Amino acid sequence: MGWLPAPVEQLLDAALVGELTVVGRNGRPITHPLIPLYHSGRVYLHSSTLFSKKLEHIKRDPRVALAITDPVATKGNPDRATIIGTAHLIEDDPHSDWERLILDLWRRKEPAIDDFLKARVALPLFFERAVIEVTPVRCLYWAGGRTDQPPVETRVPATEAA
Amino acid sequence: MTATATRSGTGSAHAATAVDLERLAAYPHVVVSWVGDDGYPVSVATSLETDGDAGSVRLAAPAGMPIPADREVSVTGSHIHPQPGFGYDERRYLQLWGRVTDGSRFTAARAWGWDETEMPFFEYSERSVPQSRRYLAALSKEKGRTIRPRLDPFWLALRTTRLPFLSATAVPVLLGIAVGASHGAFTWWTALLTVIGGSFAHLAINVTNDVFDTLSGADDANPNPTQFSGGSRVAVYDLVSVRGLVLLAAGLYAAAAAIGLVLVAVTGSILLLWIGVAGIALGLAYTAPPLKLVYRGLGELAVALGFGPVMLLGAYVVQTGRLAWEPVVLSLVPGILISLILFVNEIPDRGGDAQAGKRTLPVRLSPNVVRTAYLVGGMAAFAIIAAGVIGGLLPWPTLIALAAVPLVFRVYHGLKVHYDSPYTLMAVMGTNVNLNLVVGGLLLIGYVVTIVAMQLA
């Protein structure tokens, strides 16, 4: 299991959207709203090849940050968190890797995905996808979403970092 | 205010404007991001307020996390509307890049975003197809093997050939067989071969059309394909190579020609041979150089001839071995209605078609003229039925097809409302496809009634 604080795990489990920031060319931060999935201490995001610029950025620099900030997208949970970590792309087979790895987690948050998947013929490239597996190294947590107060910072335990 | 600013810069970054800042300020909170000294990005939610100075806003300073002034930061607003049991909708986001001074004043330089109310998801996806191709090409190079998008073989075959459009072939072929039967000539297995051969010819034309629309760039240039328009896009998506499409089209043409030759041999009709040659020539000339009829505004005429007289008379001649005025007159009805399917389906494609030099009628004509031409064409089909019955060429039970007249007006009014909206126009295109099926079905019923009445007499 992971080392992220329980309230942050709850946020990740609830969130319908989070803001993934990657490092672009020239060190520019580039942010993409994505649906975050959480399992066994790792955060999983995924991207269609249609919108794959973020994947190219991650290949160049795997350091990323995922912010969970919107209470509307977290079933009213006002807490906020930013998970900073290192991303690894799973893209050997963009056609089916993601189905095996994250479809169950995805449909729990977005049940409509099964209907879309049945109509895969209508938008085939949308379902050619890479999985972004984020291993957290640092976590910032704001209880009640109060960013006017300093965050509680947690870092990956030395045992896990090793 | 620039066009890109009004559309949130969807798809491409642009110089930030006061409009972008106003839009950003409308989000209940924003996420500020920068790259820390350790090379990891960091993000924090905060609020912002406009300070009256166009070109900058003031961010509430997050506690314990000073926003650096020595590097670029991004400020992102994001919105969704959760739909319990479904997922979410109303997606939009806007990201601005710039610098922060005085610890909180943010001056934006660049902007980028997407709002699905301004650019529907399907259009956004289509505009992103080149990115998918670039990514998969780079991935293939990186992995040392070809990685292409895939589809289940059944769905790929259905998409590649545009199989559901075969209804356009079924109507004239079945009508030709029915007229032949009403004239006392019917052989079930040649009728079946005619349906199969006509279907192969139609699928071959569909695939050929995709080959040339891919090569000309017309499909690439069209960001608004629908289930009725914009081609199969299998080559655009790299699901099938152009070479694969050429081989498939050749195979389908060969199958159609082989069946046609069997029917010519069985019937001994040289007339049937010429009809078949005319059909294949029209199919190729539709998009293939040098004629490229659809590129010259003659696609409707080619389709009217191919799916009217060629298909219907071909089926009739297979059964009877001769020509007659009745099937000639009747063939004008599906000819007109199927050409109207093409005519309406070209409406959402007109932007991409114009860009690729494909001067279809909706590219050449104003919306008002297109709508009027549709109404005139649709009513002409029914006038032919009525005139055919009055003139004694068509049996009176075929008048039942006039019951479908309201569908013409439904499409006409739909064109008035949805002309510029490809996705809401889909329902109108569907009604227009149904118009041909309903009229064809009612005409068939008219002929069945005629045949039964003759048997009973």
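Owing to the predicted nature of the structure, the values given are computational and were not obtained by experimental measurement. (Residues numbered from 1 in each chain as written. Chains lettered and ligands numbered in written order. Predicted model: local features only at pLDDT ≥ 70, side-chain atom pairs only at ≥ 80, totals over all residues.)

**Thoughts on the overall build of chain B**
Alright, step 1. The number of helices and strands found in chain B is 16 helices and eight strands.
Alright, step 2. In summary, chain B has a C-alpha radius of gyration of 29 Å against a globular reference of 23 Å for 457 residues, an excess of more than 25%.
Alright, step 3. Going through the 457 residues of chain B one by one, you find that 46% of them count as buried. (Helix = DSSP H or I, 4+ residues; strand = E, 2+ residues; numbered from the N terminus. Rg over C-alpha atoms; globule rule 2.2 N^0.38 Å. Buried ≥ 20, exposed ≤ 12 C-beta atoms within 10 Å, placed from the backbone.)

**Re helix 3 (residues 97–109) of chain A**
Residues and elements named next belong to chain A.
Alright, step 1. A rise of 1.5 Å per residue sets the reference length of helix 3, with its 13 residues, at 18 Å; its end C-alpha atoms lie 19 Å apart and thus fit the reference within 8%.
Alright, step 2. Leu103 marks the point of greatest bend in helix 3, at about 60 degrees.
Alright, step 3. Here helix 3 has its buried residues at Trp98, Ile102 and Trp106. (Expected span 1.5 Å × (residues − 1). Bend = angle between axes of the 7 residues up to and from the residue.)

**So, the domain arrangement of chain B**
All names here are of chain B.
Alright, step 1. Annotation of chain B at the domain level lists domain 1 (3–119), domain 2 (120–149) and domain 3 (153–456).
Alright, step 2. The centre of domain 2, based on its C-alpha atoms, is set 34 Å off from the matching centre of domain 3.
Alright, step 3. On the side of domain 3, eight residues touch domain 2, which itself brings nine residues to the contact.
Alright, step 4. Mapped onto the side of domain 2 that touches domain 3, the elements with two or more residues apiece are helix 3 (121–127) and helix 4 (129–143).
Alright, step 5. Of the residues forming the side of domain 2 that touches domain 3, the biggest block, four residues, is contributed by helix 3.
Alright, step 6. Looking at the side of domain 2 that touches domain 3 residue by residue, the class counts come to four nonpolar, no polar and five charged. (Domains from an automatic or database assignment. Contact = placed C-beta atoms within 7 Å. Nonpolar A, V, L, I, M, F, W, Y, C, P; charged D, E, K, R; others polar.)

**Looking at the interface of chain B and chain A**
Alright, step 1. The interface is formed by 47 residues belonging to chain B together with 50 residues belonging to chain A.
Alright, step 2. For the side of chain B that touches chain A, the secondary structure elements donating two or more residues are strand 2 (30–35), strand 3 (41–46), strand 6 (73–83), strand 7 (87–101), helix 4 and helix 5 (153–161) of chain B.
Alright, step 3. The residue makeup of the side of chain B that touches chain A, split by class, is 28 nonpolar, 16 polar and three charged.

**A closer look at the environment of Ser12(B)**
Residues and elements named next belong to chain B.
Alright, step 1. For Ser12, the location among the structural elements is in the loop between helix 1 (3–6) and strand 1 (14–15).
Alright, step 2. Ser12 sits in the exposed class, given 9 other C-beta atoms within 10 Å.
Alright, step 3. Sequence separation of Ser12 and Ala111 is 99 residues, and the distance between their C-alpha atoms is 8.6 Å.

**Examining the pairing of strand 3 of chain B**
Residue and element names in this part refer to chain B.
Alright, step 1. The buried fraction of strand 3 amounts to six of the six residues, a majority that puts the element mostly inside the structure.
Alright, step 2. Every second residue of strand 3 is oriented toward a common face, with Pro41, Ser43 and Ala45 on one face and Val42, Val44 and Thr46 on the other, all of them buried.
Alright, step 3. Where strand 2 meets strand 3, six bridges bridge the pair, whose relative direction is antiparallel. Within strand 3, the position partnered with Val31 by the bridge is Ala45. (Pairing = 2+ DSSP bridges.)

**Some points on the packing of helix 9 (residues 270–287) of chain B against helix 10 (residues 299–320) of chain B**
When two helices pack together, their arrangement is given by the angle between the helix axes and the distance between those axes.
All names here are of chain B.
Alright, step 1. Running from N to C, helix 9 and helix 10 cross one another at 155 degrees; their axes reach a closest spacing of 9 Å. Here helix 9 is positioned roughly antiparallel relative to helix 10, judged by the angle of their axes. Between helix 9 and helix 10 the crossing geometry is left-handed. Seen from helix 9, the contacting residues are Leu271, Leu272, Ile275, Gly276, Ala278, Gly279, Leu282, Gly283, Ala285 and Tyr286; seen from helix 10, they are Gly299, Ala302, Leu305, Gly306, Val310, Leu313, Gly314, Val317 and Val318. (Axes fitted to C-alpha atoms, helices over the stretch in contact; angles between N-to-C directions. Parallel < 35°, antiparallel > 145°, perpendicular 65-115°, else oblique. Left-handed = near helix turned anticlockwise from the far one by under 90°.)

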